[in-house]
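Residue-level structural notes
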Amino acid sequence: MNVQDKIRNQVTANSVVLYMKGTPQSPQCGFSGATVQILKACGVQDFAAVDVLADPEMRDGIKVYANWPTVPQLYINGEFVGGADIVREMYQQGELQKLIKSAVD
Amino acid sequence: MTADEVRSTIMNGLPCDYVEVLGDDGQHFEAVIVSPQFAGKNMVQQHQLVYLALGERMRAEIHALSMRTLTPEGWTRSAMQ
């Protein structure tokens, strides 16, 4: 399976997927860490987190998949939601909470 | 790369009414970008337009670009608040 198919499988098999640097317990980048905190603040307990630093192929592949050059990247129900700025802005506007609620219900 | 270079690269690739870029470590930047091209697009599409304007430099030289994208109308509204 190539990396693009692998990503497509991951984002469709899990309702909330975060591609990040490091792990939720030990983020390796401030933007990834902040995004984890926002997901937790939205009440998401068990999201799928993928550490792109552990897999160079994944680190490049994820940039191609969403045509998005940076990490973190959040996917909800298979759709690319955004990077750290967009996630924060949607959270501040209450939009992220709504999106997550509709995804996990 | 300096904040001024980021600013001019964005402006060369995207018609903008206003661009402000801050950041002095050469890799992390914060930007406010106002462009009529953002009208009718969601935030993901707006940020993608900026990434497109930055091209390869985004991959090679910039570690992180935190940005706020606004249409001219949205910019006027937020200035009045």
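This is a predicted model, so every value here is computed, not measured. (Residues numbered from 1 in each chain as written. Chains lettered and ligands numbered in written order. Predicted model: local features only at pLDDT ≥ 70, side-chain atom pairs only at ≥ 80, totals over all residues.)

Let's shift gears to the overall build of chain B. In terms of helices and strands, chain B carries four helices and three strands. Here the C-alpha radius of gyration of chain B, 12 Å, is about what a compact globule of 81 residues would show, namely 12 Å. C-alpha atoms of chain B, sized along the principal axes, occupy 35 × 20 × 20 Å. Counting over 81 residues, chain B shows a buried share of 28%. If you take every contact in chain B between residues at least 6 apart in sequence, the share linking residues at least 24 apart comes to 47%. (Helix = DSSP H or I, 4+ residues; strand = E, 2+ residues; numbered from the N terminus. Rg over C-alpha atoms; globule rule 2.2 N^0.38 Å. Buried ≥ 20, exposed ≤ 12 C-beta atoms within 10 Å, placed from the backbone. Contact = placed C-beta atoms within 7 Å.)

All names here are of chain B. The strand order β1-β2-β3 describes an open sheet built from three strands, whose pairing is mixed. Taken across any chain shown, the strands that pair with only one partner, and hence form the sheet edges, are β1 (18-22) and β3 (64-70). Strand-to-strand twist in this sheet, taken as the mean axis angle between neighbours without regard to direction, amounts to 15 degrees. When strand β2 (residues 28-34) meets β3, the two strands line up parallel, connected through seven bridges. (Pairing = 2+ DSSP bridges. Axes fitted to C-alpha atoms, helices over the stretch in contact; angles between N-to-C directions.)

Residues and elements named next belong to chain A. Spatially, β2-β1-β3-β4 is the arrangement adopted by the four strands of the open sheet, whose pairing is mixed. Each edge of the sheet is formed by a strand with only one pairing partner; in this case those strands are β2 (48-51) and β4 (79-82). Taken pair by pair, the neighbouring strands of this sheet meet at an average axis angle of 25 degrees, ignoring direction. Looking at chain direction, strand β1 (residues 16-20) and strand β3 (residues 73-76) are connected through four bridges and run antiparallel. Residue pairing across strands places L18 opposite L74, the latter belonging to β3.

This part covers the pairing of β4(A). Residue and element names in this part refer to chain A. Bridging between β3 and β4 involves three bridges; their strand directions are antiparallel. By the bridge assignment for β4, I76 is matched with E79. Adjacent in sequence and paired antiparallel, β3 and β4 are bridged by two residues, among which N77 carries a positive phi angle near 50 degrees.

So, about helix α3 (residues 56-65) of chain A. Residues and elements named next belong to chain A. Residues of α3 that are buried include every one of M58, I62 and Y65, and no others. All buried residues of α3 lie within an arc of 60 degrees about the axis, which places them on one face of the element. More than 90 degrees from the buried face of α3, the exposed residues found are P56 and V64. Against the buried residues of α3 lie α1 (3-13), β1, β2 and β3. Note on α3: the residue one or two positions beyond its end, N67, has a positive phi of about 50 degrees. (Arc of directions from axis to C-beta.)

Moving on: the interface of chain A and chain B. The interface is formed by nine residues belonging to chain A together with 10 residues belonging to chain B. Of all elements in the fold, only β4 and α4 (84-92) of chain A reach the threshold of two or more residues within the side of chain A that touches chain B. Tallying contributions element by element places α4(A) first for the side of chain A that touches chain B, with three residues. Split by residue class, the side of chain A that touches chain B holds four nonpolar, three polar and two charged. (Nonpolar A, V, L, I, M, F, W, Y, C, P; charged D, E, K, R; others polar.)

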